[in-house]
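Here's the letter readout for the chains.
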Amino acid sequence: MTGTKARRTVVSVAVSAALACGTACTSGEAPASPSPASAPPGSAAPSSRPPAPTGPAADALRSVERATGRAGSARVESTTVMGRELSLEAEGALGWRDDGLTGTLTITYTGGTTAETMRRLGTTAMEARYLPDAYYAEMGDEFAGRVGGRHWIKYVYEDLEDLGAGAGAGFAEQMRNTTPNQAVKLLLSARDARKVGEETTRGRRTTHWSGTVGGDGPQTVDIWVDDRDLLVKKVERGHTKTGELTQTAYYSDYGVRVSAERPPAADTADFKELLASQAR
């Protein structure tokens, strides 16, 4: 393999890993209102937030949002499918505090073009460590052989915006909003948020809530909440350029102790530097 082709392969894998790590635990964001430029002449600029929902359903969901936010951490199991591009499973623990997201997930590729790219470098699973300013992906020995023996890639959230309108668009904000209560915020933005009924979820009595969120395309959000107002399950469905998007996540052990250490600097390649190497 030529040096140029090898560099392109490394960058391709780095971008694929960015997409996987972000998708593994990222929930959607509430749609913004139209920009001021789209407002009729002479009218007041619309708010950047959707109108605050009211009524019993909104009150109940705000209680869930507060309880989940106060819990601070939880164990997470999720499956994600993004059309033809990516299918993965993730498992680990995440914490959310005022200083940002922390935690560790094991991400396993199960299908899609991204999984095929990773398999070509001998990687079918990786560890992702999330810290408030960046996250780190462990790529394996074969990848390390192409980047001077370094096994980890460091992704500073702001640097990921350089991916433009593709995988990295909005990444910094998304990665800071990967907590269970973000799904509740999304549901609170739905005009049709409603209680579906009482159901048993993983052996626990839960209340099922559902709603539809607008934006680039309709997206449905469903959550199942226990008697402590904590999320037990979340399902999001929508559309991407490569097909249907579906993410299902289960949450347990709220308040679990979470930690994530930065890998050794000598064993870490910087994502921004890998992107720059493509131009050389």
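Reading guide: rules and limits
Residues numbered from 1 in each chain as written. Predicted model: local features only at pLDDT ≥ 70, side-chain atom pairs only at ≥ 80, totals over all residues. Heavy atoms only, no water. Pairing = 2+ DSSP bridges. Helix = DSSP H or I, 4+ residues; strand = E, 2+ residues; numbered from the N terminus. Axes fitted to C-alpha atoms, helices over the stretch in contact; angles between N-to-C directions. Contact = heavy atoms within 4.5 Å.

1. Topic: the sheet that holds strand E1 (residues 73–82)
Part 1 of the reasoning: In spatial order, the strands read E7-E8-E9-E10-E11-E1-E2-E3-E4-E5-E6-E12; together these twelve strands make up an open sheet with mixed pairing. The open sheet terminates on both sides in strands that have one partner only, identified here as strand E7 (194–201) and strand E12 (268–270). Going from strand to strand, the sheet's axes swing by 20° on average, the running direction of each strand aside.
Part 2 of the reasoning: Sheet analysis places strand E2 (residues 86–97) next to strand E3 (residues 100–111), joined by eleven bridges and oriented antiparallel. When the bridges of E3 are listed, leucine 88 appears paired with tyrosine 109.
Part 3 of the reasoning: Together, E1, E2, strand E8 (204–213), strand E9 (219–225) and strand E10 (231–240) form the strand contacts of helix H2 (residues 56–71), whose direction differs from that of E2 by roughly 75°.
Part 4 of the reasoning: Lying over the sheet, helix H6 (residues 180–188) contacts E2, E8, E9, E10 and strand E11 (243–252), oriented at roughly 125° with respect to E9.

2. Examining unusual backbone geometry
Part 1 of the reasoning: Backbone geometry places arginine 202, a non-glycine residue, at a positive phi of 50°.
Part 2 of the reasoning: Along the chain, the position of arginine 202 falls in the loop between E7 and E8.

3. Points about the pairing of E11
Part 1 of the reasoning: Strand direction decides the pairing type here: E1 and E11, joined by eight bridges, are antiparallel. Bridge pairing in E11 places valine 81 opposite threonine 246.
Part 2 of the reasoning: Here E10 pairs with E11 via eight bridges, running antiparallel. Residue pairing across strands places threonine 240 opposite glycine 243, the latter belonging to E11.
Part 3 of the reasoning: In this structure, the hairpin formed by E10 and E11 is closed by a connection of two residues.

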